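# Close look at the chain arrangement
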Amino acid sequence: MASDWKFCKIGDVAKIQGGYAFKSKDFSDTGTPVIKIKNVRKRDIDLTDVARVSQEVAEQASSFLVKSWDVLISMTGSGPNAPASIVGRVARHSGEDDVFLINQRVGRFLIKEKEQLDQRFLYYLFSEDKTQLELLSIATGSANQVNISGKQIESIEVNLPPLSEQKAIAHILGSLDDKIELNRQVNETLEAMAQALFKSWFVDFDPVIDNALAAGNAIPDDFMERAEQRKGIDKTDNSDIQDLFPEEFEFTEEMGWIPKGWSVQSFGDLLDSTIGGDWGKPEQDDKHTRESVIIRGTDIPKLKLGERSEAPKRWVEEKKLKTRILKPFDTVIEISGGSPTQSTGRSIIITEQILERLGGVAEPASFCRKFSPLNKFLGLYAGIHLQKIYDDGKMWEYQNQSTGISNFQTTSFLEREELVVPSESVLLKFYETLEPIISKMSSNQQIELARLRDTLLPKLMSGELRIPDAAELVDEVL
């Protein structure tokens, strides 16, 4: 560590502002988002399930509006022995245009000495495991809920390099985070491409309409508007694909007009088996002898984007694991939980890359379920169908409310949810087209980048690693 580094308390250069004490009557369905403890995820602010307040209430709490690159910290949460401790977690505003307020027990760092502390460096400083463990060690409360005050946070002692070095360290680590974020955006684009292809082939039936138009066959009234749109589109030569599709429609009692020769099946017809998940035990015993990663509903979003989730490892029974262990092209679906704004039914298609990322042995949590398809082609088709109808809001039709918890009606869904199943040749082409996209989305590059960032972080913060050497390592992977 260089001699010009400064040893001080964080309170000497920054202070903690606690959040606004909103009352239950302040919250509404629309308005300005409010960040609660649950929204302060590790590194990220999660806006997928967020409370809101009216404009009038927001104006009253305007001094608690979060600014670009503000660093937030959770001041209440589970203790160090919980599966996923959240007290002391830090997250930062991404710098985007999102506007939101902070609720009580969510703190915000306010820098007092900008010549001595860089805001982005502060974020990485409090993301480091060493600082996180120190926060947990001074928190007070019960095993299930602990608290940490602003004064306790400000009492944390740190070694600060000169501001120029802080900025250089933040730039190195930030370049890795930027690449991770870029990959996330690419994965979101790839997912949108997969959904667009599914909709074009199996909802709008574009290739069938094109073939029918070319052959001069009748177009059902239900597809006339789409047919007019297709007439005006310049089409590339996709004869190898077009030839797989029929050139006319036929009427079915279940779903009306569908491509000739295709079938209507219930979702359950595409599955070989389905079984509920497991939770296991935190410690090994005579009965729970196998270690497995447990995929919860909350882990699904990050796993889908190729990131490292916080899915816990638990000890499970051998006989239960045998029927629940996940294989490529199984689907994990969340069947309990949700919220007033988020239905149950989130799902993920399991890939070889995801299993590799999780260590090879994984199973769904007890609030999730495993859908095992008859084959991998139907597995991909069924999995993307699930994601589409979730995005369309159709999953609300298959859940009920019981004692405050929303539950997905699996049996009803498997029987009632109908979909058009194409010919084997189209199904194979769909798999061949999308499998590389799904594999790319599941690539472990995100994990490798995150691992490098987390390796460099403590070394840079302690002065063990020189900045030029760290920059060279980062340049090699970007």
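Residues numbered from 1 in each chain as written. Predicted model: local features only at pLDDT ≥ 70, side-chain atom pairs only at ≥ 80, totals over all residues. Heavy atoms only, no water.

### What about the overall build of the protein?
Here is the rule we go by: Helix and strand definitions here come from DSSP, where helices need a minimum of 4 consecutive H or I residues and strands a minimum of 2 consecutive E residues; each element is numbered from the N-terminal end. Should any heavy atoms of two residues lie within 4.5 Å, those residues are counted as being in contact. Note on areas: Shrake-Rupley with a 1.4 Å probe; residue coverage comes only from the protein chains shown. Just so you know, the count uses Lys and Arg for positive and Asp and Glu for negative, and it drops His and the chain ends. Taken as the charge location is NZ of Lys, CZ of Arg, CG of Asp or CD of Glu.
Broken down by element type, the protein carries 16 helices and 27 strands. Overall size of the protein, expressed as C-alpha extent along the three principal axes, is 80 × 55 × 50 Å. Within the protein, contacts between residues separated by at least 24 positions form 76% of all contacts whose residues are at least 6 apart in sequence. Split by element, the accessible area of the protein, about 23000 Å² in all, is 48% carbon and sulfur. With 58 positive and 76 negative side-chain charges, the protein shows a spacing of 7 Å between the two charge centroids.

### Here we look at the sheet that holds strand 22 (residues 347-349)
The pairing of strands in a sheet happens through backbone hydrogen bonds and is either parallel or antiparallel. The condition that has to hold: Any two strands between which DSSP finds at least two bridges are classified as paired. The convention used is that axes are lines fitted to C-alpha atoms, helices contributing only their stretch in contact, and that angles between N-to-C directions extend from 0 to 180 degrees.
With antiparallel pairing, the 4 strands of this open sheet are ordered in space as 17-24-20-22. Taken across any chain shown, the strands that pair with only one partner, and hence form the sheet edges, are strand 17 (271-276) and strand 22. If you compare each strand with its neighbour and ignore which way they point, the axes differ by 15° on average. Bridge count between strand 17 and strand 24 (residues 368-373): 5 bridges; the pairing is antiparallel. Of the residues in strand 24, the one forming a bridge with Ile 275 is Lys 370. Those strands touched by helix 12 (residues 376-391) are strand 20 (331-334), strand 22 and strand 24, and its axis lies near 155° from that of strand 22.

### So, the nonpolar core
General note: in soluble globular proteins, nonpolar side chains tend to be found buried as a group. Our working rule: We call a set of buried residues a nonpolar core when its members are Ala, Val, Leu, Ile, Met, Phe, Trp, Tyr or Cys and they connect through side-chain atoms within 4.5 Å of each other. The classification of residues rests on relative accessible area computed with a 1.4 Å probe and restricted to protein chains. Under 20% of the type maximum is buried, over 50% is exposed, and intermediate values are partly exposed.
Core analysis: the largest hydrophobic core is formed by 51 residues, its most contacted members being Phe 267, Leu 380, Met 395, Phe 413 and Phe 430. Sorting the residues of this core by element identifies helix 5 (163-202), helix 6 (206-215), helix 12, helix 13 (410-416), strand 27 (418-421) and helix 14 (424-441) as the ones contributing at least two each. If we ignore the near neighbours within four places in the chain, the residues touching Phe 413 are Phe 267, Phe 371, Leu 386, Ile 389, Met 395, Tyr 398 and Phe 408. In this structure, Ile 16, Phe 109, Ile 180 and Val 474 belong to the second largest nonpolar core, which totals 44 residues.

### Quick look at the confidence of the model for the protein
Condition: By definition, pLDDT measures how confident the predictor is in each residue, and it falls between 0 and 100.
Per-chain confidence: the protein averages 90 in pLDDT, with 96% of residues scoring 70 or above. Across the protein, the element-wise mean pLDDT spans from 72 in strand 25 (residues 399-402) up to 98 in strand 24.

### Let's talk about the sheet that holds strand 19 (residues 313-317)
Read from one edge to the other, the open sheet built from 3 strands follows the order 19-18-23, with strand pairing classed as mixed. What marks the edges here is a single partner per strand, and that holds for strand 19 and strand 23 (362-364). Between one strand axis and the next, the sheet turns through 60° on average, direction left out of account. Here 3 bridges tie strand 18 (residues 288-295) to strand 23, and the two strands are oriented parallel to one another. Across the sheet, Ile 294 pairs through a bridge with Glu 363, a residue of strand 23.

### Focus on the environment of Phe 7
Note on placement: Phe 7 falls in strand 1 (residues 6-9). Measuring from C-alpha to C-alpha, the distance between Phe 7 and Val 158 comes to 5.8 Å, with 151 residues separating the pair along the chain. Apart from residues lying up to four places away in sequence, Phe 7 is in contact with Glu 157, Val 158 and Asn 159.

### Some details on the pairing of strand 13 (residues 157-160)
Side-chain alternation along strand 13 places Val 158 and Leu 160 on a buried face and Glu 157 and Asn 159 on a face that remains uncovered. With 4 bridges connecting them, strand 1 and strand 13 associate as antiparallel partners. Looking at the pairing, Phe 7 lines up with Asn 159 of strand 13.

### A look at the environment of Glu 283
Its location among the elements puts Glu 283 in the loop between strand 17 and strand 18. According to the relative accessible area criterion, Glu 283 is exposed, its value standing at 58%. Each C-alpha atom of the pair Glu 283 and Val 316 lies 9.3 Å from the other, and the pair is 33 residues apart in sequence.

### Re the packing of helix 2 (residues 119-127) against helix 3 (residues 129-138)
Selection rule: Between 65 and 115 degrees an angle is taken as roughly perpendicular, under 35 as roughly parallel, over 145 as roughly antiparallel, and anywhere else as oblique. For this classification, the nonpolar set comprises Ala, Val, Leu, Ile, Met, Phe, Trp, Tyr, Cys and Pro, the charged set comprises Asp, Glu, Lys and Arg, and every other residue, Gly included, is treated as polar.
Viewed as axis vectors pointing N to C, helix 2 and helix 3 meet at an angle of 65°, and their least axial separation amounts to 5 Å. Relative to helix 3, helix 2 is oriented roughly perpendicular. Between helix 2 and helix 3, the residues in contact are Leu 125, Phe 126 and Ser 127 and Asp 129, Thr 131, Gln 132 and Leu 135, respectively. For the contact of helix 2 with helix 3, the per-class residue count stands at 3 nonpolar, 3 polar and 1 charged.

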